[in-house]
Amino acid sequence: MTWTIERAPGRPVRRTDDGRIAVPLQLNRTGSGHPTEPDTSTDADMTLTLTLTLTEAEHLHASLCRALDGQPPPPAAPDCRHAVQTSPGTAHLIGRA
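Keep in mind that this is a model prediction, so the values were computed, not measured.

### Description of the overall build of the chain
Here is step 1: Within the chain, the secondary structure is distributed over three helices and four strands.
Here is step 2: Along the chain, helices (α) and strands (β) appear in the sequence β-β-β-α-β-α-α when read from the amino end.
Here is step 3: Taking all 97 residues of the chain together, the buried fraction comes to 19%.
Here is step 4: Expressed as a percentage of contacts within the chain between residues at least 6 apart in sequence, the contacts between residues at least 24 apart total 35%.
Here is step 5: Of the accessible surface of the chain, which amounts to about 7,700 Å², a share of 58% is contributed by carbon and sulfur atoms.

Now the structure itself:
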C-alpha cells in the first residue's frame, strides 16, 4: 500500500477566522501491496487541512524558497516565484524604504 499527500484540487489556501493559514491537502492510498487485491485509491482518498500559525507559515515559506533557490521556475509558476528567487550571494540590500 502506498500513501501520498498532495494539494486538494479546487480548494485554495486560505486564512482562518483566527488568523492562521489553512492548506487543504488530500491523502490518497493506492493499492494494498497484494497483487490479487484491486486498487482502492478512490475508496481511501480523504481531505485534511494543515493549519499553520503565521510564524509557521513564514518558516515554511522561507524553507520552500531556500529549497527552490537555484532552480529555474517552471512556465506555470506564480509571478512571485519569478521575482523573489535570488541566491544569497547575489542579493544586495540598497537601503531601507
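Once the structure has been displayed, the description carries forward.
### Let's talk about the pattern of salt bridges
Here is step 1: Under the criterion given, the structure shown has one salt bridge.
Here is step 2: One salt bridge in this structure joins aspartate 18 and arginine 20, with 3.6 Å as the shortest N-O distance.

### With respect to the nonpolar core
Here is step 1: With five residues, the main nonpolar core is built from Ile21, Val23, Leu25, Leu52 and Ala57.
Here is step 2: Sorting elements by how many residues they give to this core places strand 3 (residues 21-30) first, with three residues.

### Observations concerning a nonpolar patch on the surface
Here is step 1: Together, Met1, Trp3, Met46 and Leu48 line one region of the surface with nonpolar side chains, adding up to about 390 Å² of accessible area.
Here is step 2: With respect to the helices and strands, the residue tryptophan 3 is situated in strand 1 (residues 2-7).

### Some thoughts on the confidence of the model for the chain
Here is step 1: Mean pLDDT over the chain stands at 77; residues scoring 70 or higher make up 68%.
Here is step 2: Mean pLDDT in the chain bottoms out at helix 1 (residues 41-44), which sits at 51, and peaks at strand 2 (residues 14-15), which reaches 94.

Conventions and cut-offs
Residues numbered from 1 in each chain as written. Predicted model: local features only at pLDDT ≥ 70, side-chain atom pairs only at ≥ 80, totals over all residues. Heavy atoms only, no water. Helix = DSSP H or I, 4+ residues; strand = E, 2+ residues; numbered from the N terminus. Buried < 20%, exposed > 50% of the residue type's maximum accessible area, 1.4 Å probe, protein only. Contact = heavy atoms within 4.5 Å. Areas by Shrake-Rupley, 256 points an atom, 1.4 Å probe, with all protein chains shown as cover. Salt bridge = Lys/Arg side-chain N within 4 Å of Asp/Glu carboxyl O. Core = buried A, V, L, I, M, F, W, Y, C linked by side-chain atoms within 4.5 Å. Patch = residues over 30% accessible without salt bridge, like charges linked within 9 Å, V, L, I, M, F, W, Y side chains within 5 Å. pLDDT = per-residue confidence, 0-100.

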